[in-house]
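Each chain, letter by letter, is given below.
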Amino acid sequence: MIEKNQKRPSLLPSLLGAITGGSINVIDLTMTLDRKVPTIVLPPELGQSWPFRMEEISRYDSRGPATYWNNISCGEHTGTHFDAPIHWISGKDLPNNATDTISPEMFIAHACVIDCCSEANEDPDYLLTIKDVKRWENNNGKIPPRSWLLMRTDWSLKIDPIQYLNLDEEGAHTPGPHQDLVPWLIDERDVVGFGCEAVGTDAGQAAHFTIPMPCHHLMHGKGRFGLPALTNLDKLPPQGSVIITPPLKIRQGSGSPVRVLALTEEF
Amino acid sequence: MTTILPTPKKKDPIQRTRKPSMPPGNRSREAQGLAAMATSGRFALQVCNHCTKVQYPPRQVCSECLSDQLAWQDVRTGGKLLAETTLQHSNDVYFRDRLPWRLGIVVADAGPSIVAHLAEDCIQGKRVRMSLAIDRAGNAVVIAKPEKLSPGEEDDMQLREMAFDPKNRRVLIVNGKTELGYRLAEAFLKAGARNIFVGHAEPWRTSTHLEAIKKLDKTTIYPLDVTDTESVKELAAMIGDKVEIMVNNSYHLRMGGVLDRFDINTAHDEMEIHYHGLMRLAGFFGPVMRSRGADGHHGAAAWVNILSAYALVNNSALGTYSASQAAALSLSQCLRDELKNGGVRVVNSFIGPIEDEWHQLAPPPKLVPATIAKRIVEALKRGLEDVPIGAVAEEIIQRLAENPKEIERTIKL
């Protein structure tokens, strides 16, 4: 029984009121998970991630007259997904490094969105630098601690998987962070993680960097997360949105497909 | 000269498609021996070990000396056409649909008189050459052609019932991203195929072979991923009723066995492509092919699987690959039985190591894809069912017949 004068929470009802009232928008940053979603392409002799596949269990038929449902299969890193620190060797011994052990409050965080569309459009191998981020901060304010940095490139508009993966004989050509930016984001800005629209958080050519795959090696080595294959980043303000990113609670999971929601405020 | 095979017209949407029917069915267990010879392209009959008399039709004991020691032996193919007749009437549904039909009695050089289906140019009293074939019901029959090659004999509409000649037929090659895919397209074009449809998966992986296929005449490429049920379903919805010869050349080889490379994921990928892939293709293309088995002179005819000879006996260097191929082989036998009612035949070819990047370290002899393609087209023209291609496959089949335990213990890559 709630006593008459007992204090009731007011923040959550006002949040819900703002969502239903339309002053807070809920934006879906997730790719639709289907069989055509491309997964990372690796040399064929290495272990391969399964693509998303769906087999019907029944559809109101002899296999289940009242039921429609499917069996699905895919790798943990398929479509819009969450990279946990255990995904990389540098994060393998960290505490709370897997999808089942990461503290749940980590899955709700502020997001900063940096628009790199014109740069990525001009150069698919475009690398986001410290200088670029500082310039962005001059216009939009410093990245607050425990924020995501999301790199907007409009790469998710490339529906054709050939253009999306953008492979040639020398590998993938997709934008990502410069190797110097990654430690700076961790040490100087204390980010939760890095998100982007391409198939992986690292640039397509990042395997050839001095520190290969820095956004995996360094971010995960410091217990930070990755959030690739996002969409709708054009609908977020540079600062001020909140994103919700809980992966499936897979025991010792290295990641999982995730429905990423963003809350943005009208003002 | 044989009457020229009519060029297929576009399908008349008003006419009902002729339903498949079968020539008379059941045969004795002994007659199945004849089927075994026919499916492997041999002209072999039972020969009495006791008195050497050549038997026809197959039987349990010698018609001369009653010995039960009858062995299958290759015999001379020549003979003389003693008598010929043309059926103008039949009470059998299958033959009624196909009248007139020519039959004859051939006195074989090997001894017996044999009732044979006749090629158009066979003349009574002249010499003929015989071969065994499989009819639409899956039974062995004898066919006779003039002794000397007759111009255009591959067009013979009566004998076309007993083979799966690609001429004027439309072919689907499942995987166009390998050299084998390209060579198959080339070989089917050369054999007079009407159209060639070629599948390709994972569009982001480029392939010089697919680029070469795009330049071939009468050839169209379509997205097709045998690991993806929807993809197979989509293509079957688009061209399923036009495929008359299916060529499943899906292929995913990774070296390793169970202990030396314990990896469920790789084994899963192999099963997805070889076993579930075949099942998906069969599930969506099989029913419509079966229903079109009698659709004119160019109806659905054959389903070709290119399997590894290691489907027959496991090679531990390719242990899980061999196992997935064995699963595909078993499923193909199921498919063979189910397609039989439509008169569509499953042709399994067995190959050894081929010249490709996955067999880089395998010692020669290795098959070149052009040879495989050529042999498959030949097998279809001859109506064969189980086709070893290359020295490795031939040796495996021979040694399995002689002593399965011996090859199981000694097989190496």
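Residues numbered from 1 in each chain as written. Chains lettered and ligands numbered in written order. Predicted model: local features only at pLDDT ≥ 70, side-chain atom pairs only at ≥ 80, totals over all residues.

Caption draft 1: Up close: the sheet that holds strand S15 (residues 386-389) of chain B. All names here are of chain B. The 7 strands lie next to each other as S11-S10-S9-S12-S13-S14-S15, forming an open sheet whose pairing is parallel. Bordering the open sheet on either side are strand S11 (219-223) and S15, each of which pairs with just one other strand. Averaged over all neighbouring strand pairs, the angle between strand axes comes to 20 degrees, with direction disregarded. When strand S12 (residues 245-248) meets strand S13 (residues 302-308), the two strands line up parallel, connected through 4 bridges. Along S13, the bridge assignment pairs Ile-245 with Ala-302. Of the strands in this sheet, S13 and strand S14 (345-351) are in contact with helix H8 (residues 319-340), which crosses S13 at around 160 degrees. (Pairing = 2+ DSSP bridges. Helix = DSSP H or I, 4+ residues; strand = E, 2+ residues; numbered from the N terminus. Axes fitted to C-alpha atoms, helices over the stretch in contact; angles between N-to-C directions. Contact = placed C-beta atoms within 7 Å.)

Caption draft 2: Geometry of the pairing of S11 of chain B. Residue and element names in this part refer to chain B. Both strand S10 (residues 195-200) and S11 contribute to a ladder of 5 bridges, which runs parallel. From the neighbouring strand, Val-198 faces S11, where its bridge partner is Ile-221. The handedness of the S10 to S11 crossover, carried by helix H5 (residues 208-214), is right-handed. (Right-handed = clockwise from strand over helix to strand, strands pointing away.)

Caption draft 3: Quick peek at the interface of chain A and chain B. Opposite the 11 residues of chain A that make contact, chain B presents 9 residues. Those elements that provide at least two residues to the side of chain A that touches chain B are strand S2 (53-61) and helix H4 (161-165) of chain A. A per-element tally of the side of chain A that touches chain B places H4 of chain A first, with 3 residues. Classifying every residue of the side of chain A that touches chain B by side-chain character gives 6 nonpolar, 2 polar and 3 charged. (Nonpolar A, V, L, I, M, F, W, Y, C, P; charged D, E, K, R; others polar.)

Caption draft 4: Fine view of the pairing of S10 of chain B. Residue and element names in this part refer to chain B. With 5 of its 6 residues buried, S10 lies for the most part within the structure. Of the strand pairs in this sheet, strand S9 (residues 170-173) and S10 are connected by 4 bridges, and their pairing is parallel. By the bridge assignment for S10, Arg-170 is matched with Asn-195. Handedness of the β-α-β unit built from S9, helix H4 (residues 179-190) and S10 comes out right-handed. (Buried ≥ 20, exposed ≤ 12 C-beta atoms within 10 Å, placed from the backbone.)

Caption draft 5: Region of the structure containing unusual backbone geometry. Residue Pro-100 of chain B follows Leu-99 of chain B across a cis peptide bond; omega there is -5 degrees. Positive phi values are uncommon outside glycine, yet Tyr-60 of chain A reaches one of about 50 degrees. In this structure, Tyr-60 of chain A sits in strand S2. The backbone of Asn-168 of chain B sits at a positive phi, close to 65 degrees, despite the residue not being glycine. Position of Asn-168 of chain B among the secondary structure elements: in the loop between helix H3 (157-160) and S9.

Caption draft 6: Expanded view of the packing of helix H6 (residues 229-239) of chain B against helix H7 (residues 264-291) of chain B. Residue and element names in this part refer to chain B. Packing of H6 against H7 leaves a shortest axis separation of 9 Å and a crossing angle of 30 degrees. Taken as axis vectors, H6 and H7 run roughly parallel relative to one another. Viewed along their axes, H6 and H7 form a crossing whose handedness is right-handed. Within the contact between the two elements, H6 uses Thr-229, Val-232, Lys-233 and Ala-236 and H7 uses Arg-280, Leu-281, Phe-284 and Phe-285. Class assignment for the residues of the contact of H6 with H7 results in 5 nonpolar, 1 polar and 2 charged. (Parallel < 35°, antiparallel > 145°, perpendicular 65-115°, else oblique. Left-handed = near helix turned anticlockwise from the far one by under 90°.)

Caption draft 7: Geometry of the environment of Asp-190 of chain A. All names here are of chain A. With respect to the helices, strands and loops of the structure, Asp-190 is situated in the loop between helix H5 (181-187) and strand S11 (193-196). For Asp-190, a count of 14 C-beta atoms within 10 Å translates into the label partly exposed. On a C-alpha basis, the gap between Asp-190 and Gly-240 in space is 17 Å, while along the polypeptide they are 50 residues apart.

Caption draft 8: Molecular detail of the packing of H7 of chain B against H8 of chain B. Residues and elements named next belong to chain B. Between H7 and H8, the least distance of the axes is 8 Å, while the angle of their chain directions is 10 degrees. One element, H7, and the other, H8, form an angle in the roughly parallel class. Crossing hand, H7 versus H8: right-handed. In this structure, H7 contributes Thr-266, Ala-267, Glu-270, Met-271, His-274, Tyr-275, Leu-278, Met-279, Ala-282, Gly-286, Met-289 and Arg-290 to the contact, and H8 contributes Thr-320, Tyr-321, Ser-324, Gln-325, Ala-327, Ala-328, Leu-331, Ser-332, Leu-335, Glu-338 and Leu-339. For the contact of H7 with H8, the class distribution of residues is 13 nonpolar, 7 polar and 3 charged.

Caption draft 9: Broad picture of the sheet that holds strand S4 (residues 78-87) of chain B. Residue and element names in this part refer to chain B. With respect to topology, 5 strands assemble into a closed barrel ordered S4-S5-S6-S8-S7, the strand pairing being mixed. Across this sheet, the average inter-strand angle for adjacent strands is 45 degrees, counted without regard to direction. The strands touched by helix H1 (residues 29-39) within the sheet are strand S7 (127-134) and strand S8 (140-146), with S7 carrying the most contacts at an inclination of about 100 degrees.

Caption draft 10: Structural detail: helix H10 (residues 391-402) of chain B. All names here are of chain B. With 12 residues, H10 should cover 16 Å at 1.5 Å per step; its first-to-last C-alpha distance of 16 Å lies within 8% of that length. Buried within H10 we find Val-392, Ala-393 and Ile-396. Buried residues of H10, seen end-on, are gathered within an arc of 95 degrees and therefore sit on one face of the element. Pointing more than 90 degrees away from the buried face of H10 are the exposed residues Gln-398, Ala-401 and Glu-402. (Expected span 1.5 Å × (residues − 1). Arc of directions from axis to C-beta.)

Caption draft 11: How the structure looks around the domain arrangement of chain B. Residue and element names in this part refer to chain B. Under the domain assignment, chain B is made up of domain 1 (29-158) and domain 2 (170-410). Each of domain 1 and domain 2 was reduced to a C-alpha centroid, and the two centroids are 31 Å apart. With 9 residues of domain 1 at the contact, the number on the domain 2 side is 10 residues. (Domains from an automatic or database assignment.)

Caption draft 12: Region of the structure containing the nonpolar core. Residue and element names in this part refer to chain B. In this structure, Ala-144, Met-246 and Trp-303 are the most contacted members of the largest nonpolar core, which totals 99 residues. At 7 residues, the largest contribution of residues to this core is made by H7. Two domains share this core, each providing at least three of its residues, namely domain 1 (29-158) and domain 2 (170-410). Residue contacts for Ala-144: discarding those within four places in its chain leaves Leu-81, Gly-104, Val-106, Ala-116, Leu-118, Ala-119, Cys-122, Val-128 and Met-130. (Core = buried A, V, L, I, M, F, W, Y, C linked by C-beta atoms within 7 Å.)

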